[in-house]
Structures are given as structure tokens and as C-alpha cells.
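# Working through the structure, step by step
Here is how the chains run, residue by residue.
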Amino acid sequence: MAPYAGRRIFRTSPWLLALLATADLLFVAGACVLYRQDGPALMTLGLGVLTVVGAVGLLDALTRRVVLERDALRVTGLWARRSYERREILGVRQEKGTSPSLKLADGGWAKLPPDVGRSIGNSIRAWLKADP
């Protein structure tokens, strides 16, 4: 069999990144407007907290990726890094509306991030079947 020549890096969709950035900008704008009108009020504080949470969420989405390397599948993000050896992965399951899951040799399942692409399940299947 030929080596895998398909897509190897899966990241968060650009439309989702744009949506997260837009929401965060709206939180910032709302906090600024309310601060100018009312000063440090409870609603201003709430929008300030949402701004920080939104920025952290955007940063997490920017750093999240799944990489198909020669001998392993690596999942990286802002909070965690996981690696699954190729020989540990028996298959992948991806149903409509759910995030893909890896069937592991020890009988367990590992969920992949849901926002890294709709075609990742087929790419992982092709990667598993190809020569390392």
C-alpha cells in the first residue's frame, strides 16, 4: 500500500474563529459603552468577564489541532496535549452531529475535538490503512 498522502493537519474552521472573534469584539464594545454610561456597574463587570472568557476561548480555538504524523495521531490545544500511537488505534467512529471518536486497542474510546473538520474521520481511516 502507498504511504498516506492526504491532509495531515486539522484546525478549527475559519468561520468558527471569525464567529468567536466577533462575539468577543461585541463583548468588548458592550463593556466600553456601558462603562462610559454607567461607570463600573454589575452589567459592565459581567461583560468584562465575558470578554476575558471569550478571549481565552478564541485562543484555545486558535491553538487546537489534530496532526496525523507517521507513527501517531497528536491532539494539541491550549489546555492539553494527547498522543495516540498508530498501533493503539483500531478505528474511528464519526456519526452525524457528533465529534469523532477513536476506538483504542485497550477497549476504550477517545473523543477528538468537534470543531477541527467534518472530514477528519475519513482522513483518519485512510491514514490507518496506508503504509506508515
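Below is a short write-up of the structure.

All right, on to the sheet that holds strand β1 (residues 9-11) then. Read from one edge to the other, the open sheet built from four strands follows the order β1-β2-β3-β4, with strand pairing classed as antiparallel. The two strands at the open ends of the sheet, each matched to only one other strand, are β1 and β4 (81-85). Strand-to-strand, the axes of this sheet are offset by a mean angle of 10°, without reference to chain direction. The pairing of strand β3 (residues 72-76) with β4 spans five bridges and is classified as antiparallel. Residue pairing across strands places V75 opposite R82, the latter belonging to β4.

This part takes up the nonpolar core. Of all hydrophobic cores here, the largest spans 18 residues; its most connected members are L73, Y84, L102 and I124. At the level of elements, β2 (65-68), β3, β5 (89-93), β6 (101-104) and α3 (120-129) are the ones that each hand at least two residues to this core. When sequence neighbours within four positions are dropped, the list of residues in contact with I124 reads L68, L73, V92, L102 and L112.

Turning our attention to the side chain of D24. Examined against the element boundaries, D24 turns out to sit in helix α1 (residues 14-38). Despite its burial, D24 remains without a salt bridge, the nearest opposite charge being carried by R64 at 14 Å. Non-local contacts of D24, meaning those with residues more than four positions away in its chain, are made with L50, T51, G54 and A55.

Criteria and thresholds
- Residues numbered from 1 in each chain as written.
- Predicted model: local features only at pLDDT ≥ 70, side-chain atom pairs only at ≥ 80, totals over all residues.
- Heavy atoms only, no water.
- Pairing = 2+ DSSP bridges.
- Helix = DSSP H or I, 4+ residues; strand = E, 2+ residues; numbered from the N terminus.
- Axes fitted to C-alpha atoms, helices over the stretch in contact; angles between N-to-C directions.
- Core = buried A, V, L, I, M, F, W, Y, C linked by side-chain atoms within 4.5 Å.
- Buried < 20%, exposed > 50% of the residue type's maximum accessible area, 1.4 Å probe, protein only.
- Contact = heavy atoms within 4.5 Å.
- Lys, Arg positive; Asp, Glu negative; His and termini not counted.
- Salt bridge = Lys/Arg side-chain N within 4 Å of Asp/Glu carboxyl O.

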